Amino acid sequence: MPHVPPTRTRLVVGAAVVDDLDRPTRLLAARRNAPAALAGFWEFPGGKVDPGETAEEALHRELDEELGVRVRTGEEVLGAGCVDDPDHGRVWPLTGELVLRLWLAEAVDGTSARPLADHDELRWLTAHDLWTVPWLPADALALRRIEQLLT
Ligand SMILES: Nc1nc2c([nH]c(=O)n2[C@H]2C[C@H](O)[C@@H](COP(=O)(O)OP(=O)(O)OP(=O)(O)O)O2)c(=O)[nH]1
């Protein structure tokens, strides 16, 4: 029997940036401007973890690069739709080999988010208007969990 190596996944980290970690009422959505296949879709700011980086380091780096914000992270967002990944623990499956870990986060130090890289628009969404933008399809299940957290 030929040896078939296990499929390895690539970790993407994302932030569900909210207005207030203690009482979240709005979520920050970001519209991608690249690559062409993803442009126009909305997502959680974040990106792939680089070799040698921890998930937490990658999250802070991506938020600084993409939004110019420093954040305090809250609980990891987990819920129905998460799966067990041998390398990365509980994750939200994305497409292909990509898997997502997602944390609640809040901007600190008076920093406010602006689209610096990868996005051309940001929008604060309440639970009521969460679905008014076209999200990347793979984000739907995580968004259902966040919808429950927004008051
Ligand atoms: N950041 C982010 N990526 C998502 C989400 N949902 C989703 O399917 N993805 C996909 C889109 C991309 O294929 C991939 C993340 O790649 P990325 O392009 O943001 O990563 P990156 O900034 O590190 O860029 P690069 O190294 O590939 O140039 O995960 C989401 O909510 N946030």
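These numbers come from a predicted model, not from an experiment. (Residues numbered from 1 in each chain as written. Predicted model: local features only at pLDDT ≥ 70, side-chain atom pairs only at ≥ 80, totals over all residues. Heavy atoms only, no water.)

**Quick look at the sheet that holds strand 9 (residues 119–125)**
Operational definition: Here a strand pair is declared whenever DSSP counts at least two bridges between the two strands. For helices the rule is a DSSP run of H or I covering at least 4 residues; for strands it is a run of E covering at least 2, with both sets numbered from the N terminus onward.
If you trace the three strands from one edge of the open sheet to the other, you get 3-2-9, paired in antiparallel fashion. Of all strands in the sheet, those bounded by a partner on one side alone are strand 3 (42–43) and strand 9. One ladder, built from six bridges, connects strand 2 (residues 27–32) with strand 9; its direction is antiparallel. Bridging across to strand 9, Ala 30 finds its partner in Leu 122.

**Overview of the UniProt feature "domain: Nudix hydrolase" (unreviewed entry) in the chain**
Test applied: UniProt positions are given in the numbering used here, feature names are shortened, and annotations may be inferred rather than shown by experiment.
Within this numbering scheme, the UniProt entry marks residues 8–150 as carrying the feature "domain: Nudix hydrolase" (unreviewed entry). For residues 8–150, the end-to-end C-alpha separation is 34 Å, with 16% helix and 35% strand making up the annotated structure.

**Things to note about the side chain of Glu 53**
Put simply, the rule is: The buried label goes to any residue with under 20% of its type's maximum accessible area, the exposed label to any with over 50%, and the partly exposed label to all in between, with areas taken from a 1.4 Å probe on protein chains only. Here, two residues are considered to be in contact whenever any of their heavy atoms come within 4.5 Å of each other.
Tracing the chain through its elements places Glu 53 in the loop between strand 4 (46–48) and helix 1 (55–67). On the basis of relative accessible area, Glu 53 is assigned to the buried category, the value being 19%. Apart from the residues within four sequence positions on either side, Glu 53 is in contact with Lys 48, Ala 58 and Arg 61.

**A closer look at the packing of aromatic side chains**
Two numbers describe a pair of aromatic rings. These are the distance of the centres and the angle of the planes. Defined as follows: Two rings from Phe, Tyr or Trp (for Trp, the six-membered ring) form a pair when their centres are within 6.5 Å of each other. A pair whose planes differ by under 30 degrees is stacked, one over 60 is edge-to-face, and the rest are tilted.
As enumerated under the stated definition, the model contains one aromatic pair in all. Their ring planes at 35° and their centres at 5.5 Å tell us that Phe 44 and Trp 135 sit as a pair that is tilted. One end of the pair, Phe 44, is in the loop between strand 3 and strand 4; the other, Trp 135, is in the loop between strand 9 and helix 2 (140–149), and 91 residues separate them in sequence. Across the pair, Trp 135 and Phe 44 agree in class, each one buried.

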